[in-house]
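# Structural description and commentary
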Amino acid sequence: LQWPASAALPGSCPFFAAVHELDDTQGPVRDRLVRLFREFQQVVEQLVASAIRRGQLRADTNPTQFAHELLGIRYAHHWSASFMRDPQALVRTRAAFARLVGRARGA
């Protein structure tokens, strides 16, 4: 969550900047960016499935849904922190993450 600020890059996350720039376009650059985001989501889904197999998350946890919600939290954080400049963005994001994991653990 803090990587864009700590990476010493101008602006915010270059991936989110590219999404904003390319979301209404067509072509190979946008196609590659879509593939990267899909591959990242698949990695998250695989990690969630592994946590389920290890008993760290409930057996009825849906890896695709969990990944969707986790990435949604990440995207909301980016919007809130970068665009809205909400000083509580990180606190809110961590609370949302804790609730997501808590539900999946059955806590």
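Notes on the structure in this doc start here. In this text the structure is predicted, and so the values were computed from the model without any measurement.

Now for the nonpolar core. Within the largest apolar cluster, 11 residues are counted, these being V44, V48, A51, I52, L57, F66, A67, I73, L100, V101 and A104. Elements with a contribution of two residues or more to this core: helix 3 (28-53), helix 4 (63-83) and helix 5 (89-105). Here the element with the most residues in this core is helix 3; it accounts for four residues. Ignoring anything within four residues of it in the chain, the contact list for V101 reads L57 and F66.

Between helix 3 and helix 4, the shortest axis-to-axis distance is 8 Å and the interhelical angle comes to 125°. As far as their axial angle goes, helix 4 and helix 3 are oblique. The handedness of the crossing between helix 3 and helix 4 comes out as right-handed. Residues F37, F40, Q41, V44, E45, V48, A49 and I52 of helix 3 pack against P63, T64, F66, A67, H68, L70, L71 and Y75 of helix 4. Here the residues of the contact of helix 3 with helix 4 sort into 12 nonpolar, three polar and one charged.

Bringing the pattern of salt bridges into the picture now. Evaluation of the coordinates by the stated rule reveals three salt bridges. Taking the shortest distance from any N to any O, the salt bridge between D86 and R92 comes out at 2.9 Å.

Turning our attention to a nonpolar patch on the surface. On the surface, a cluster of nonpolar side chains totalling about 390 Å² of accessible area is made up of W79, F83 and M84. Summarising the element assignment, W79 is placed in helix 4.

Calculation notes
Residues numbered from 1 in each chain as written. Predicted model: local features only at pLDDT ≥ 70, side-chain atom pairs only at ≥ 80, totals over all residues. Heavy atoms only, no water. Core = buried A, V, L, I, M, F, W, Y, C linked by side-chain atoms within 4.5 Å. Buried < 20%, exposed > 50% of the residue type's maximum accessible area, 1.4 Å probe, protein only. Helix = DSSP H or I, 4+ residues; strand = E, 2+ residues; numbered from the N terminus. Contact = heavy atoms within 4.5 Å. Axes fitted to C-alpha atoms, helices over the stretch in contact; angles between N-to-C directions. Parallel < 35°, antiparallel > 145°, perpendicular 65-115°, else oblique. Left-handed = near helix turned anticlockwise from the far one by under 90°. Nonpolar A, V, L, I, M, F, W, Y, C, P; charged D, E, K, R; others polar. Salt bridge = Lys/Arg side-chain N within 4 Å of Asp/Glu carboxyl O. Patch = residues over 30% accessible without salt bridge, like charges linked within 9 Å, V, L, I, M, F, W, Y side chains within 5 Å. Areas by Shrake-Rupley, 256 points an atom, 1.4 Å probe, with all protein chains shown as cover.

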